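Tertiary structure, described
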Amino acid sequence: MEKNILLGHGSGGRLMHTLISDLFIKHFDNAVLTQQGDSAILDLPPGKTAFTTDSYVIDPVFFPGGDIGKLAVCGTVNDLAVAGAMPRYITAAFIIEEGLPMQDLERIVSSMAKEAAKANVMIVTGDTKVVNKGQCDKLFINTAGIGELDPSHTHIASGETMEAGDKIILNGPIAQHGMAIMAARNFGNFNTSIQSDCNCLNHLVRDVLNTGARIKFMRDATRGGLATVMCEMASHRELGVLVNEEDVPVDDNVRGMCELLGFDPFYVANEGKLVMVVHPEDTDKVIRTMKNHPLGKQAAVIGELTPDHPGQATLQTAIGGKRIIDMLAGEQLPRIC
Amino acid sequence: MKYIDEYRNKALVKNLVKKIEDVVRGEVSLMEVCGGHTWAIQKFGIPSLLPENIRLLSGPGCPVCVTSKRFIDQAVAYSRLDDVIIATFGDLVRVPGSSSSLDLEKSKGADVRMVYSVIEALDIAKKHPDKKVIFLGIGFETTAPGTAAGIKNAAAQEADNFFVLSSHKVMPPAMGALIDEGVKIDGYIAPGHVSTITGSGIYADIPEKYGVACVISGFEPVDILQSVYMLLQQINKQAYTVEIQYRRTVKPEGNQLALQIMDEVFEPVDDWWRGFGILPASGLGIRDRYSRFDANRMIPVEVEETADEKGCICGEILKGVKKPHDCKLFGKVCNTTNPVGACMVSHEGACNAYFRFNA
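Numbering of residues starts from 1 in each chain and follows the order in which that chain's sequence is written. Chain letters start at A and ligand numbers start at 1, both assigned in the order the entries are written. With the structure being a predicted model, the display of local features is reserved for residues of pLDDT at least 70 and the display and counting of side-chain atom pairs for 80 or more, all residues being used for whole-chain, interface and lining totals. As a rule here, side-chain values come from all non-hydrogen atoms in the structure, and water together with hydrogens is ignored.

Details of helix 3 (residues 102-119) of chain A
Residue and element names in this part refer to chain A. Formally: Strands here are runs of E lasting at least two residues and helices are runs of H or I lasting at least four, both read from the DSSP assignment and numbered beginning at the N terminus. Multiplying 1.5 Å by the helix residue count minus one yields the expected span of that helix. The cut-offs for exposure are 20% and 50% of the maximum accessible area for each residue type, with area from a 1.4 Å probe on protein chains only; residues under the lower value are buried, those over the upper are exposed, and the others partly exposed.
Between its first and last C-alpha atoms helix 3 spans 26 Å; for 18 residues at 1.5 Å apiece the expected length is 26 Å, and the two agree. Among the residues of helix 3, those classed as buried are Met102, Leu105, Ile108, Val109, Ser111, Met112, Ala113, Glu115, Ala116 and Ala119. Looking at the residues trailing helix 3, positive phi occurs at asparagine 120, about 65°.

Quick word on the interface of chain A and chain B
For clarity, the cut-off: We call two residues in contact whenever any of their non-hydrogen atoms come within 4.5 Å of each other. Defined in terms of a 1.4 Å probe, buried area is the accessible area two parts forfeit on being brought together, summed over both. In what follows, salt bridge is the name for a side-chain nitrogen of Lys or Arg lying within 4 Å of a carboxyl oxygen of Asp or Glu. In protein, a polar contact means a hydrogen-donor-capable atom and an acceptor-capable atom, both N or O and within 3.5 Å, with residues adjacent in sequence counting only if both atoms are side-chain atoms; elsewhere, any N or O pair within 3.5 Å suffices. Just so you know the grouping, Ala, Val, Leu, Ile, Met, Phe, Trp, Tyr, Cys and Pro go in nonpolar, Asp, Glu, Lys and Arg go in charged, and all remaining residues, Gly too, go in polar.
At the junction of the two partners, chain A supplies 29 residues and chain B supplies 39 residues. Counting the surface lost from both chain A and chain B, the interface buries some 3,100 Å², and carbon and sulfur atoms represent 61% of this. The interface formed by chain A and chain B holds three salt bridges in total. Close ionic contact of B:Asp5 with A:Arg255 constitutes a salt bridge, the shortest N to O distance being 2.8 Å. Our count for the chain A to chain B interface comes out at seven residue pairs in polar contact (both at pLDDT 80 or more). In terms of residue class, the side of chain A that touches chain B is built from 14 nonpolar, six polar and nine charged.

Some words on the pairing of strand 10 (residues 274-278) of chain A
When a strand is regular, its side chains alternate between the sheet's two faces. Residues and elements named next belong to chain A. The following threshold applies: The criterion for strand pairing is that DSSP finds at least two bridges linking the strands in question.
Summarising burial for strand 10: five of the five residues are buried, a large majority. Burial along strand 10 is two-sided: the face carrying Leu274, Met276 and Val278 and the face carrying Val275 and Val277 are both buried. Relative to strand 10, strand 7 (residues 167-170) is paired through four bridges, and the arrangement is antiparallel. Pairing of leucine 170 across the sheet is with valine 275, part of strand 10. As paired strands, strand 8 (residues 215-220) and strand 10 are joined by five bridges and run antiparallel to one another. Following the sheet pairing, isoleucine 215 is matched in strand 10 by valine 278.

Some words on the pattern of salt bridges
Within the structure shown, the criterion is met by 34 salt bridges over all chains. A salt bridge links A:Asp137 to A:Lys138; the shortest N-O distance between them is 3.5 Å. The exposure class assigned to A:Lys138 is partly exposed, which follows from its relative accessible area of 33%. Between B:Asp111 and B:Arg113 there is a salt bridge, and its shortest N-O distance comes to 2.9 Å. Accessibility expressed as a relative area gives 26% for B:Asp111, which makes it partly exposed. B:Arg113 sits in the partly exposed class, given a relative accessible area of 26%. When salt bridges with common partners are traced through the structure, they connect A:Glu163, A:Asp166 and A:Lys216 into a single cluster.

Topic: the sheet that holds strand 6 (residues 162-166) of chain B
Residues and elements named next belong to chain B. The line we're drawing: Axis lines are fitted through C-alpha atoms, for helices just across the contact stretch, and the angle between N-to-C directions can take any value from 0 to 180 degrees.
Pairing is parallel in the open sheet, where four strands are placed in the order 4-3-5-6. The open sheet is flanked by strand 4 (111-114) and strand 6, the only strands paired with a single partner. Strand-to-strand twist in this sheet, taken as the mean axis angle between neighbours without regard to direction, amounts to 25°. Here four bridges tie strand 3 (residues 84-88) to strand 5 (residues 132-137), and the two strands are oriented parallel to one another.

Comments concerning the packing of helix 1 (residues 14-28) of chain A against helix 3 of chain A
Residue and element names in this part refer to chain A. Note the following rule: Roughly parallel means an angle under 35 degrees; roughly antiparallel means over 145; roughly perpendicular covers 65 to 115; every other angle is labelled oblique. Crossing handedness follows the turn of the near helix against the far one: under a right angle anticlockwise gives a left-handed crossing, and clockwise gives a right-handed one.
Look at helix 1 against helix 3: their axes get within 8 Å of each other, and the N-to-C directions meet at 30°. When the axes of helix 1 and helix 3 are compared, the pair comes out roughly parallel. Our pair here, helix 1 against helix 3, has a crossing hand that is right-handed. Contact residues: helix 1 offers Leu19, Leu23, Phe24, Lys26, His27 and Phe28, while helix 3 offers Met102, Leu105, Glu106, Val109, Ser110, Met112 and Ala113.

So, the packing of aromatic side chains
This is how it is decided: Stacked, tilted and edge-to-face pairs are distinguished by plane angle, under 30 degrees for stacked and over 60 for edge-to-face with tilted covering the rest, among Phe, Tyr and Trp rings (Trp via its six-membered ring) whose centres lie within 6.5 Å. Here, over-ring charges are defined by two tests on the NZ atom of lysine or the CZ atom of arginine: distance to the ring centre within 6 Å, and angle to the ring normal within 35 degrees.
This structure, assessed with the given rule, holds seven aromatic pairs over all chains. For the ring pair A:Phe24 and A:Phe94, a centre distance of 4.8 Å and an interplane angle of 35° mean the geometry is tilted. With A:Phe24 in helix 1 and A:Phe94 in strand 4 (residues 85-97), this residue pair connects regions lying 70 residues apart in the sequence. With respect to class, A:Phe24 is no different from A:Phe94; both count as buried. Consider the rings of B:Phe330 and B:Phe355, whose centres lie 6.1 Å apart with planes at 80°: the pair is edge-to-face. Taken together, the residues span a long stretch of sequence, with B:Phe330 in the loop between helix 14 (314-318) and helix 15 (350-357) and B:Phe355 in helix 15 at a distance of 25 residues. With respect to class, B:Phe330 is no different from B:Phe355; both count as buried. Counting every residue linked through ring pairs, the aromatic cluster contains A:Phe24, A:Phe28 and A:Phe94. Over the face of the ring belonging to A:Phe62 we find A:Arg107, whose NZ or CZ atom lies 3.7 Å from the ring centre.

Here's the deal with the nonpolar core
Note that soluble globular proteins tend to have their nonpolar side chains buried in a common cluster. Put simply, the rule reads: Side-chain atoms within 4.5 Å are what join buried Ala, Val, Leu, Ile, Met, Phe, Trp, Tyr and Cys residues into a set we call a nonpolar core.
Grouped together as the largest cluster of nonpolar side chains are 98 residues, with contacts concentrated most on B:Ile134, B:Phe135, B:Leu136, B:Phe162 and B:Tyr188. Excluding anything up to four places from it in sequence, B:Leu136 contacts B:Phe71, B:Ala75, B:Ile86, B:Ala87, B:Thr88, B:Leu92, B:Leu102 and B:Leu165. Counting 39 residues, the second-largest nonpolar core is a separate cluster that includes A:Ile194, A:Met233, A:Ala234 and A:Leu261.

Right, dumping it as structure tokens:
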């Protein structure tokens, strides 16, 4: 194969066919994909299906704890998982900048394959386009995913059964992904040990759902961070959200970098963190189950839904004060001094 | 986390709040004049812990907020020049000018880069010898020495494409002007990082001339509450002086090296402050011997006529005469997504902090 991606790799000719067979099929190999039809033909049980799509653009494409390929699989798998669905199939479409080293592409594709295998999902169809140098940044990936949704879990995505007194559970320390990316961009010449938390959460979610615990709502706290999910929860219904700052785990290295730059970890992106709203009697069961899973070791109850202050998310600060949590207007900007 | 958690200790906070409740008499107005304090006070929810008769006012301590609109307009005009790269602290990019902002210009193709320090701006200049790199120098005595060091480095490296547009300011004139204007202030929570550079001497007038209490405070909850307690004691005893609460960082004599560099590069000039107008000797202009790095003198540019927004009371908010909630625009036309006035932009701005933490 060529050393770098050429415009011809997206032309539909021989170069593209070689790329598909020698790279994509080699790594993603499965019975549905190898049919190579214009559409993937899938087996799905009767009943509800969850369907989602997301596009991934990230600088740098390789970062501590992952790469754009892993991210593209985890992000879509997690969107299905937090809807209560069991992820089954995903698609992978690539927009590649001419000149991308082939070994970088292979590293990314193999990382996608590895992550898909771990999550037990099949990459069943895809697409490749190559654009002129400068028209995209290395590569963009879009993945869409389909998951089976058990009829008893259809309420989870909307959270329609949430009520006052329900507990809010988080599966681990926040802000790792965003700060890892920031450090990797060498923003301010940081040299840290921070790793992205990029991971597929579907097995963790499955373990929790299998306990029969009454899960009212789930959402993964990605862009906009934990704070944004809290605001979204409050804005949807006639309930207030109360979060205890002290109970929200943040690792020291992440906290240190946030303090230094003037970032609030509550607004920093995660790629392997989810929030669950649980019936209060089932809290212990959920926490126990999460702690038995490698991605839930630091799971904690971080707050609850309240009848007061409907529509508002409130933070009980670590020193005992109270203030509201609001959505961020745009990007979080570093402080001047 | 060491050196942080101690200052956010719940038991200590509770104890200090109790002591404050015990000593406070009547209505007391305390003003912080550092954006970092404004932000910390709201972020930790400190007003919810204090007795109601203690009013915390936010003063002109947010660098972005006091900077003139003309400065933004000039930066916008520079950003429209083909051979210019603007290097700036992040907070400044969203501040609305008369008809545009750096953010808006960036979306139209202007080369505007966020940096953490002037040194990064100098690096950009080195990497782009065909471009003029203009660093937007804003902030008080905290950031001014950094800019001065950048200019000195540029001189040592004989950089010929690095410039500074300076709107650096010094804090004491505004603190005096507020009292002169009749704003009721019983005590100043004086800025910790400014004082780290300047030392405590610059506030001597506050107790001596104006009879107002003054405590230089750190930025953690325990620091701020202890400073409030110290201010109340000065007020009760009517024994006004400048005290340093933030002793782990601030020395009475300040940072001599930083002061020296600042003095070598900058000279006092009359400067325009939002809310105050022109205050004598309140700004820092670049001295003649470094004029080749002064964007103002070296890169002439046509700047549009300054247009003021109607209804915005940022000026009065900066003086502590009014609170964000008193503004008709607050939370409606003016919010963090679409800021009208500068105080809504930076998270050190009073309106921004109130909008986000205290709506």
